[in-house]
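# Fold and geometry: a report
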Amino acid sequence: KAGGPAPRASGCRCATAAAMALAQLPQLWALLDEMAENEPRAYRRLLRQQRDQAARFCAPPEPRLCLRTRPAGIATAPLFINVCGWKRVPAPRAPGEPIPVSAGPLEEASGEGDLYSVIDVAYNPDVLQRGEENPARMEHLVHLTLKFVEQRCSLLLSDSYTIESFKLKGSLETTWQRLRGRQTPAPAPSQSTEKELTLEQLLQSVEGESCSNAPVLLEEESRAQGNTHLIEEISSTEQPERPQTPAYEMITVRDVNEEPLKIELRIKLPKVSSVSECDLRVSKDDIVIEVPEKYRLQLELPEVVDEEKTTAAFNTGSRVLVITAPVPRPET
């Protein structure tokens, strides 16, 4: 209509990209059907990999702590900062690197007649886990969070703060909605999302997920030795980096008759400090090792193995995971 506001170019680009992706779906389905028929094992591995990635990407944030502070000034309303762990936020690339963070908008609210403001901040769960294991590190993370909120919202906060006894101010659904940058309510964690969507709904969903916020690098307080950024804000819908494929060595140990005894697999994981970070899945013909946001390795085994008797040991000095999978003897 003449005189109306011009449409946003970013929205048009996202809708066009979504339409192009949908146009390629028939070709994709044909390729998947061909893989399912000709390479069923590879097809099952692909489905399992995509299911695992989707579960991590679509998981709701987990409330970890709630900070209470207030903007500097006289008789200002309190500000609550919901600090959450969210698997959608990638972990730092290495120790000392900037900490990725995702945040929702600053909103005013009221409860029991009192006015207050609230903002949601999300880190990778590993960042918060390390803070919970080290009080000094958690205190440092809290101060970084306060500084981040000051710069993002153009506020000057009071020097004092408290950690509330509850972990979340408001509802989880509202927090999830704000972090996703969506204007329409996000489905609750307990609701099924497998209902069939119309083309228009799918396009709107893709546009909302892809174009909500742009990545911004924030210049947080610097270390004494330099100007290293300590916190890096990411888009609320940015995909985490693809995990690296680690270096490995796989050998088949044989007896004097050249019959296979066991498969030994040595995997170098320099970014891993504990075996608890590793997710190992073994079947009779393949092995999958995953370290969220860091490594992923999937290998077909040269021999059928006994998955029930397979063992794994992690050397914290060399950062090498050793997997030993015995080969069952043929029945005589």
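The text that follows walks through the structure, step by step, so that each part is easy to find. (Residues numbered from 1 in each chain as written. Predicted model: local features only at pLDDT ≥ 70, side-chain atom pairs only at ≥ 80, totals over all residues. Heavy atoms only, no water.)

## Concerning the packing of helix α4 (residues 125–133) against helix α5 (residues 135–153)
Our working definition: Axis definition: a line fitted to C-alpha atoms, limited for helices to the stretch in contact. Angles are taken between N-to-C directions and run from 0 to 180 degrees. Numbering goes from the N terminus for both helices and strands, where a helix is a DSSP run of H or I of at least four residues and a strand is a run of E of at least two. With respect to orientation, any angle under 35 degrees is reported as roughly parallel, any angle over 145 as roughly antiparallel, any angle of 65 to 115 as roughly perpendicular, and every other angle as oblique. Note on contacts: a residue pair is in contact if any heavy atoms of the two residues lie within 4.5 Å.
Two elements in contact, α4 and α5, have axes separated by 5 Å at closest approach and are oriented at 130°. Compared by their axis directions, α4 and α5 come out oblique. Here Val-127, Leu-128, Arg-130, Gly-131, Glu-132 and Glu-133 of α4 come into contact with α5, specifically with Pro-135, Arg-137, Met-138 and Leu-141.

## Describing the nonpolar core
Heads up, the rule is: Within this scheme, the nonpolar core is defined by two criteria: the residues are buried Ala, Val, Leu, Ile, Met, Phe, Trp, Tyr or Cys, and they are joined through side-chain atoms within 4.5 Å. In this scheme, a residue with accessible area under 20% of its type's maximum is buried, one over 50% is exposed, and one in between is partly exposed, where area comes from a 1.4 Å probe on protein chains only.
If you look at the biggest cluster of nonpolar residues, it comprises 22 residues, and the most contacted ones within it are Leu-67, Ile-81, Val-83, Val-121, Tyr-123, Leu-141 and Val-149. Sorting the residues of this core by element identifies β1 (62–69), β2 (79–85), β3 (99–103), β5 (114–123), α4 and α5 as the ones contributing at least two each. Here this core takes 8 residues from α5, the largest share from any one element. Contacts of Ile-81, omitting those with residues within four sequence positions, involve Leu-65, Cys-66, Leu-67, Thr-69, Ile-119, Val-121, Thr-145, Leu-146 and Val-149.

## Notes on unusual backbone geometry
Not every positive phi belongs to a glycine, and Ser-154 is a case in point at roughly 55°. On the secondary structure map, Ser-154 appears in the loop between α5 and β6 (162–163). At Arg-319, a position not held by glycine, the phi torsion is positive, near 55°. Take Arg-319: it is sitting in the loop between β14 (311–315) and β15 (320–326).

## Brief notes about the sheet that holds strand β13 (residues 295–300)
Heads up, the condition is: A pair of strands is considered paired only if DSSP assigns at least 2 bridges between the two.
Spatially, β11-β12-β13 is the arrangement adopted by the 3 strands of the open sheet, whose pairing is antiparallel. Strands with a single pairing partner mark the edges of an open sheet, and in this sheet they are β11 (279–282) and β13. Taking each pair of neighbouring strands and ignoring which way they run, the sheet shows an average axis angle of 5°. Note: β11 against strand β12 (residues 286–291), 4 bridges, orientation antiparallel. Across the sheet, the residue bridging to Arg-281 is Val-288, located in β12.

## A look at the sheet that holds strand β10 (residues 260–268)
Within the open sheet, the 4 strands sit side by side as β9-β10-β15-β14. Their pairing is antiparallel. Of all strands in the sheet, those with a lone pairing partner are β9 (248–254) and β14, marking the two edges. The mean angle between the axes of side-by-side strands here comes to 15°, regardless of whether they run parallel or antiparallel. When β14 meets β15, the two strands line up antiparallel, connected through 5 bridges. By the bridge assignment, Phe-314 is partnered in β15 with Leu-321.

## Side note on the pattern of salt bridges
Here is the rule we go by: Salt bridge, as used here, is a side-chain nitrogen of Lys or Arg placed within 4 Å of a carboxyl oxygen of Asp or Glu.
Going through the model one piece at a time under the given rule, you end up with 12 salt bridges. Note that Arg-64 is salt-bridged to Glu-132, the shortest N-O span being 3.1 Å. One end of the pair, Arg-64, is in strand β1; the other, Glu-132, is in helix α4, with 68 residues separating them in the sequence. The exposure class of Glu-132 is partly exposed, given its relative accessible area of 42%. When the shortest N-O distance is used, the salt bridge between Asp-255 and Arg-329 registers 3.4 Å. In this pair, Asp-255 is assigned in the loop between β9 and β10 and Arg-329 in the segment after β15, connecting sequence segments 74 residues apart. The class for Asp-255 is buried, based on a relative accessible area of 18%. Residue classification places Arg-329 among the exposed residues on the basis of a relative accessible area of 53%. If you follow the salt bridges from partner to partner, you end up with Asp-279, Arg-281, Glu-290 and Arg-296 in one network.

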